[in-house]
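Letter by letter, the chains look like this.
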Amino acid sequence: MSSNLHPMLNVAIKAARAAGALINRAALDVEAVRISQKQINDFVTEVDHAAERAIIETLLTAYPGHGILAEESGSEHGAKHSDYVWIIDPLDGTTNFIHGFPVYCVSIAMAFKGKVEHAVVYDPSRNDLFTATRGRGAFLNERRIRVSKRTQLKDCLVSTGFPFRPGDNFKQYMAMMAELMPRTAGLRRPGAAALDLAYVAAGYCDGFFESGLSIWDVAAGSLLVTEAGGLVGNFTGEADFMEQRECLAGSPRIYGQLVGLLGKYSKFAPAGDKAAVRQALANGAADTAMDGAADGLAEDADEAATTHPDSAAEDQQTRPAAAP
C-alpha cells in the first residue's frame, strides 16, 4: 500500500488483493469449485461468496460505520443508512472463471452520497491493479493511464457484452452490432464489464457498450474511465446512468460517435426513434424469412443434383475446365 494514496483507496486495494488471492488459489483447480445457478446462464460459485466475505471483513474492520452493497449479499452487511457505501463485485466474469478462461476481476467502489469517489478493479490472473480517486487520475500498477487518442471509429476496437438472460432483446443487440461491425476495426466480448471499462481507461479498447448491467458491474470502472479522460453514460449520452442498466463508455470523440449510432436503441430514446427501431427489426425479421427461403431453394437444388447425378454431370461438362 502507498502512503500517497487516500486511506480508503488503500483499504480497497487490501480488500481486492485478499479476494484475488482466494480466486487465484481456486483457479488452480477450477473443476473442484462448487457452482450454483442464479438463473439461466448466470452462475455463482463458492469462490464468489468467499471473496465477498473477505472484502466485506476488510472494509468493515477499517470502516465499521460504512454501508455495503454487494452482488451476492446485497445490503445485509454494514450500516444501512450511511452516506458512505462500498459497492462490490467480488468476481466479475464468473462464467469465464469456471471455464478456466482467464478474464475476470474484483471490482470495489466507494460512493459518498451516491457519487463514486474511489475505485479498484483488480485482475488477479495478471496481477493488474487499476485504481482511481476522484480528481486524482487513474492508474494501472501505479502508472498513470489515459484513454485512447484515436478519433475515427474505423480505427477503433470496441468491447461489449452479449445478452444471455431470459427476456433479453437478442434481435436489438444483433442490430446494434450490425451498426458497429462495419464501422470499427473490431468488436470484442471479453466477458467482464468492470475489466472492459478498465481497458477503456487504459486505452486498450476505444469504447464499450452493454445493457443489463448492475451498479456493481460499472461503479468502479466508470470512475476509472472518467479519471482517465473518458466519458461514461447511457446509450443516449446521459451521465446519470449508474442504475439504468445500460452503459456506454469511450474516449470523448469516440463516445460521441457511439452515442450517435446507439442512442436510438436506448430505452430512454425518443418515442420516434424507438418506433423506427421496432420497424427496422420487424423488416429484418421479414428479410430473415426471405433468406431462409433462399437457403431452402439452394438445399432443393443440392438435393436435385444428388437425386439426378446425370444432370449434375451434364452441368459439370458445360463448365470450363480448371487451369492446370
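Quantities reported herein were computed from a predicted structural model and do not represent experimental measurements.

## Observations regarding the overall build of the protein
No. 1: Across its full length, the protein holds nine helices and 14 strands.
No. 2: Accessible surface computed for the protein: about 16200 Å², of which carbon and sulfur atoms make up 53%.

## Focus on the environment of Ala 111
No. 1: Note on placement: Ala 111 falls in strand β5 (residues 105-112).
No. 2: Put simply, Ala 111 and Ile 87 are 24 residues apart on the chain and 7.4 Å apart in space, counted from C-alpha to C-alpha.
No. 3: Once you skip the residues sitting within four places of it in the chain, Ala 111 turns out to touch Asp 83, Tyr 84, Val 85, Ile 87, Val 116 and Glu 117.

## Side note on the sheet that holds strand β14 (residues 246-250)
To summarise the sheet geometry, strands pair through backbone hydrogen bonds and adopt either a parallel or an antiparallel arrangement.
No. 1: Here five strands make up an open sheet; going across it, the order is β11-β10-β12-β14-β13 and the pairing mixed. The open sheet has two edge strands, β11 (186-188) and β13 (231-233), and neither has a second partner. Each neighbouring strand pair of the sheet contributes to a mean axis angle of 15°, computed without reference to strand direction.
No. 2: Sheet topology places β13 next to β14; three bridges connect them, and they run antiparallel.

## Some points on the packing of aromatic side chains
No. 1: The tally for this structure, following the rule as stated, stands at seven aromatic pairs.
No. 2: Relative to Phe 112, the ring of Tyr 84 lies with its centre 4.6 Å away and its plane at 40°, an arrangement referred to as tilted. Of this pair, Tyr 84 sits in strand β4 (residues 84-92) while Phe 112 sits in strand β5, placing them 28 residues apart in sequence.
No. 3: Residue class for Tyr 84 comes out partly exposed when judged on its relative accessible area of 31%.
No. 4: Pairing Tyr 199 with Tyr 204 gives two aromatic rings, centres 5.1 Å apart and planes at 70°, and the pair type is edge-to-face.
No. 5: Members of the aromatic cluster, connected to one another through ring pairs, are Phe 130, Tyr 199 and Tyr 204.

## Section: the pattern of salt bridges
Should the charged atoms of two oppositely charged side chains come close, the side chains can pair.
No. 1: By the definition in use, this model includes seven salt bridges.
No. 2: Residues joined in a network through salt bridges with shared partners are Glu 179, Arg 183 and Lys 264.

## A closer look at the side chain of Thr 160
No. 1: Mapping Thr 160 onto the fold places it in strand β10 (residues 157-160).
No. 2: A relative accessible area of 0% means that Thr 160 is categorised as buried.
No. 3: A polar atom in the side chain of Thr 160 sits 2.8 Å from the backbone oxygen of Phe 209.
No. 4: Among all residues touching Thr 160, those that are not within four sequence positions of it are Tyr 173, Arg 188, Arg 189, Pro 190, Asp 196, Phe 208, Phe 209 and Glu 210.

## Quick word on the sheet that holds strand β9 (residues 143-144)
No. 1: Across the sheet, seven strands lie side by side as β3-β4-β5-β6-β7-β8-β9; this open sheet has mixed pairing. Of all strands in the sheet, those bounded by a partner on one side alone are β3 (67-70) and β9.
No. 2: Pairing of strand β7 (residues 128-133) with strand β8 (residues 138-140) involves three bridges; the strand directions are antiparallel. Residue pairing across strands places Phe 130 opposite Leu 140, the latter belonging to β8.
No. 3: In the packing of helix α2 (residues 46-62) onto the sheet, the strands contacted are β3, β4 and β5, and the crossing angle to β4 comes to about 155°.
No. 4: Against the sheet, helix α6 (residues 215-227) engages β3, β4, β5, β6 (115-123), β7, β8 and β9, with an angle of about 100° to β6.

## Describing the side chain of Ser 107
No. 1: Take Ser 107: it is sitting in strand β5.
No. 2: Here Ser 107 falls in the buried class, since its relative accessible area comes to 1%.
No. 3: Apart from residues no more than four positions distant in its own chain, Ser 107 is found in contact with Ile 87, Ile 88, Asp 89, Val 120, Val 121, Ala 194, Trp 216 and Ala 220.

The rules we used
The numbers attached to residues start from 1 for each chain and follow its sequence in the written order. Totals for whole chains, interfaces and linings use all residues, but because this is a predicted model, local features are given only for residues with pLDDT of at least 70 and pairs of side-chain atoms are given and counted only at 80 or more. Only hydrogens and water are removed before side-chain values are computed, so all heavy atoms of the structure are retained for them. The helix count covers DSSP runs of H or I at least four residues long, the strand count covers runs of E at least two residues long, and both are numbered beginning at the N terminus. Method for areas: the Shrake-Rupley scheme with a 1.4 Å probe, in which residue coverage is limited to the protein chains shown. Should any heavy atoms of two residues lie within 4.5 Å, those residues are considered in contact. Between any two strands, at least two bridges found by DSSP are needed for them to pair. Here, axes are lines fitted to C-alpha atoms. For helices the fit covers the stretch in contact, and angles between N-to-C directions go from 0 to 180 degrees. By convention, a stacked pair of Phe, Tyr or Trp rings (six-membered ring in the case of Trp) has centres within 6.5 Å and planes under 30 degrees apart, an edge-to-face pair has planes over 60 apart, and any other such pair is tilted. The buried label goes to any residue with under 20% of its type's maximum accessible area, the exposed label to any with over 50%, and the partly exposed label to all in between, with areas taken from a 1.4 Å probe on protein chains only. Salt bridge criterion: a side-chain nitrogen from Lys or Arg within 4 Å of a carboxyl oxygen from Asp or Glu. Whenever two N or O atoms come within 3.5 Å, that pair is a polar contact, provided that in protein one can donate a hydrogen and the other can accept it, and provided that, for residues adjacent in sequence, both atoms are side-chain atoms.

Any functional reading would require information beyond the geometric quantities listed.
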